[in-house]
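A closer look at the structure
Spelled out, the chains give:
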Amino acid sequence: MGKTLFEKIWSAHIVAKVDENIDVLYIDKHFIHEVTSPQAFAGLERKNNKVFRPKQTLATADHNVPTKDQHLPIADNLSRSQVNALTENCKNHGITLYELGHPYHGIVHVIGPELGFTLPGMTIVCGDSHTSTHGAFGNIAFGIGTSEVEQVFATQCLLQSKPKTMRINVEGKLKKGVTAKDIILYIISKISVGGATGYFVEYAGEAITRLSMEERMTVCNMSIEMGARGGLIAPDEITFAYLKDKPFAPKGDQWQQAVDYWSSLYTDNDAVLNKEFSFSAEDVEPMITYGTNPDMAIGINDPIPDKKGKDARSLQYMNLEAGAFLKNKKINWVFIGSCTNSRIEDLRAVAEVIRGRKKADHVSAFIIPGSSQVREQAKKEGIEKIFIDAGFELREPGCSACLGMNEDKVPQGEYCVSTSNRNFEGRQGPGARTILASPLTAAACAIAGKIIDVRELIN
Amino acid sequence: MEKFTAITSSAIPLPVENIDTDQIIPARFLKAVERKGFGENLFRDWRSDENNRLKPDFVLNNPQYEGSILVAGKNFGIGSSREHAAWALYDSGFRVVVSSFFGDIFKNNALNNGLLPVQVTEHFVQLLLQQISKDPHTKVTVDLHHQLICVPSTLSIEPFKINEYKKTCLLNGYDDIDYLLTLKDKIEQYEKTSEYIHLTRTT
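Turning to the packing of helix α2 (residues 38-46) of chain A against helix α3 (residues 77-93) of chain A, a few remarks are in order. All names here are of chain A. Closest axis-to-axis distance for the α2/α3 pair is 10 Å, and the angle between their directions is 40 degrees. Judged by the angle between their axes, α2 and α3 are oblique. Once α2 is placed against α3, the crossing between them reads as left-handed. Every residue of α3 that contacts α2 at Pro 38, Phe 41, Leu 44 and Glu 45 is listed here: Gln 82, Leu 86, Asn 89 and His 93. Among the residues making up the contact of α2 with α3, the classes are represented as four nonpolar, three polar and one charged.

This is the structure in structure tokens:
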């Protein structure tokens, strides 16, 4: 019987078996950031252990950092301490850190791929649930807690029970105005917020293989929002073309060896998966969320479903009603950013919608690029000028209003159309009301000052 | 970590589904560099309003309810991987969370910190909630050794599953890291012999 891509990678990384359920899994790459690492470093030092493989570790400060005036000391005392702790810890353990101001600095799941630190066939972890992003390259990449961060520091391994496998096929072609973000919001709305718990997802099918690497990252990023351990897409020519000449990708003779190995990374035709779903890309509309978890999503022109009181708490928090339409609802905030949608293609897409237009006067619209490299690229392409002319603020890289850990919070009771990945109660600030959408939809809403179908602007 | 063998305690009901870790511990409280002190911000935005006044209708503010067992709606602990959620619960005195379904990452984090996630049928969760509603001081016993949860006063009882290795760790207070450190030789052997590893090396 054939093997799935997931099984091929998993079995290649087993160091030992604890019992029939738990394996000791070798971890190729470990990303760290300032929020989930300090206690892990402290634990290491308390037990007189050292970081075992510092060269396989990469650090950045992203969750807590301001997105303005990054050249100045961080104003918030606790944030500054936490970021300083990361700097100290990386120095003491010989870990490469791309701190604020470094040309490679940015959100952890944006910089790994753009540097070629993320490569196909790997096991990759980080103390952050959106680590699933890296699965776009054909990886087993998943989020871990701080105790597990310490385990990887000390041994470059983790104890893991092997999840079951799920394949999600998306066939057909996306309609105009419909993006990778809409695909994943659609999928989550069908599978539900816990529907993939205990599974590792593989995305396949024509609509998936047509996606660029950045679009694949958007899809894999939100795998966790349906409870999946992670999500991956088999590497192909699009993957290899993206990686060639990236700073840390294999070079010279090693490049061809790598491509030969990566070309063997696919699910065999006769492999059997534990669960399988199929969807048509043509059924996907521009999506929008109405509730307080990511599966509460509908097409932009659809009414909020009536679930007979099951959604009562959510709808009360969002001050919305079953049967109502989100379209034409006035909104005051638009956030374009996060590890889901903050790469150069996302910024280009926004620029196309807003070129020659101005945002609505009452809207605060800010764009947080995923990394310094993305920001520089946007400037070079003249995109920054388009943003400024339209009244959008282009800031400096960081997680920002995705989780409102820094100053970038959405005020109590305000609606924010956001290209991020979670609309939980209070996610963007206490009492904030998050509406998840694609960069195209978010851009259109900023122009209109209300929720609209982007296709009204781009046709 | 602290050992966990068995516990008998009254239980606190929180019959909300899909409780995510942002509710358990909001992001703005993740700035500390220690493991301690997160208890005071457990469910912060459900407990207190924007002026830091306690919300009278939230269960943790109701003196009738107390104990080390939390009975929660299904799909508990979804969302962010923040282990701080497990720390906040533990720091507040919880040692068990009972639900019919758990987020994966939270479940692992809980197990790594001596906080036992007990997965039972939704039917049993409803039974517990009914009994607690009749009498907030209902005692619930969780026995890890026998993998049983019961209400002695009504004899309601249900078994729960747990991986043998994780059970051994909890019963003895072992950390995964100690086990992993005994495997250093095997790990280095793997690094030398793995066919693919040289292709993953960063220059």
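This part covers the sheet that holds strand β11 (residues 230-232) of chain A. Residues and elements named next belong to chain A. Taken in spatial order, the four strands make up an open sheet running β11-β10-β9-β12, and their pairing is parallel. The sheet is open, and its two edges are formed by β11 and β12 (275-280), each paired on a single side. Each strand of the sheet is rotated relative to its neighbour by a mean of 20 degrees, with strand direction disregarded. Alignment of strand β9 (residues 164-171) against β12, held across six bridges, turns out to be parallel. In the sheet register, Met 166 faces β12, and the bridge partner there is Lys 275. On the sheet, helix α1 (residues 5-12) packs against β9, β10 (199-204) and β11 and is oriented at approximately 115 degrees with respect to β11.

In this section: α1(A). Each full turn of the α-helix corresponds to 3.6 residues, which orients residues three or four apart in the same direction. In terms of burial, α1(A) is a largely internal element, six of the eight residues being buried. Every buried residue of α1(A) is listed here: A:Leu5, A:Phe6, A:Lys8, A:Ile9, A:Trp10 and A:Ala12.

With that settled, the discussion passes to the environment of A:Arg455. All names here are of chain A. One can find Arg 455 in helix α16 (residues 455-458). Sequence-wise, Arg 455 and Val 18 are 437 residues apart; in three dimensions their C-alpha atoms are separated by 54 Å. Setting aside anything within four residues of it in sequence, one finds Arg 455 in contact with Lys 175, Lys 176, Gly 177, Val 178, Glu 285, Pro 286, Ile 300 and Asn 301. There is a polar contact of 2.9 Å between the side chain of Arg 455 and the side chain of Asp 453.

Taken residue by residue, the interface counts 57 residues in chain B and 72 residues in chain A. Summed over both sides, the interface between chain B and chain A buries roughly 5,500 Å², with carbon and sulfur atoms accounting for 58% of that surface. For the pair chain B and chain A, the number of links is five salt bridges. Of the charged contacts in the structure, one is a salt bridge between A:Arg427 and B:Asp22, with a shortest N-O distance of 3.0 Å.

Residue and element names in this part refer to chain B. Going residue by residue along strand β3 (residues 96-99), you find Val 96 and Val 98 tucked away on one face and Val 97 and Ser 99 tucked away on the opposite face as well. In terms of strand pairing, strand β2 (residues 69-72) meets β3 through three bridges, oriented parallel. Its bridge partner being in β3, Val 71 is matched across the sheet by Val 98. Across four bridges, β3 lies against strand β4 (residues 116-119) in parallel orientation. Within β4, the residue paired with Val 98 across the bridge is Val 118. In this fold, β3 hands off to helix α4 (residues 104-111), which returns the chain to β4; that crossover is right-handed.

Residue and element names in this part refer to chain B. In this fold, Asn 41 is placed in the loop between α1 (21-24) and α2 (44-47). Between the C-alpha atom of Asn 41 and that of Phe 29, which follows or precedes it by twelve residues, the distance is 7.2 Å. In this view, Asn 41 contacts Ile 24, Ile 25, Pro 26 and Phe 29; residues no more than four positions away in its chain are not counted. A polar contact of 2.7 Å, which involves the side chain of Asn 41, links it to the side chain of Arg 44.

The rules behind the values
Residues numbered from 1 in each chain as written. Chains lettered and ligands numbered in written order. Predicted model: local features only at pLDDT ≥ 70, side-chain atom pairs only at ≥ 80, totals over all residues. Heavy atoms only, no water. Axes fitted to C-alpha atoms, helices over the stretch in contact; angles between N-to-C directions. Helix = DSSP H or I, 4+ residues; strand = E, 2+ residues; numbered from the N terminus. Parallel < 35°, antiparallel > 145°, perpendicular 65-115°, else oblique. Left-handed = near helix turned anticlockwise from the far one by under 90°. Contact = heavy atoms within 4.5 Å. Nonpolar A, V, L, I, M, F, W, Y, C, P; charged D, E, K, R; others polar. Pairing = 2+ DSSP bridges. Buried < 20%, exposed > 50% of the residue type's maximum accessible area, 1.4 Å probe, protein only. Polar contact = N/O pair within 3.5 Å; in protein donor to acceptor, adjacent residues only side chain to side chain. Buried area = accessible area lost by both parts, 1.4 Å probe. Salt bridge = Lys/Arg side-chain N within 4 Å of Asp/Glu carboxyl O. Right-handed = clockwise from strand over helix to strand, strands pointing away.

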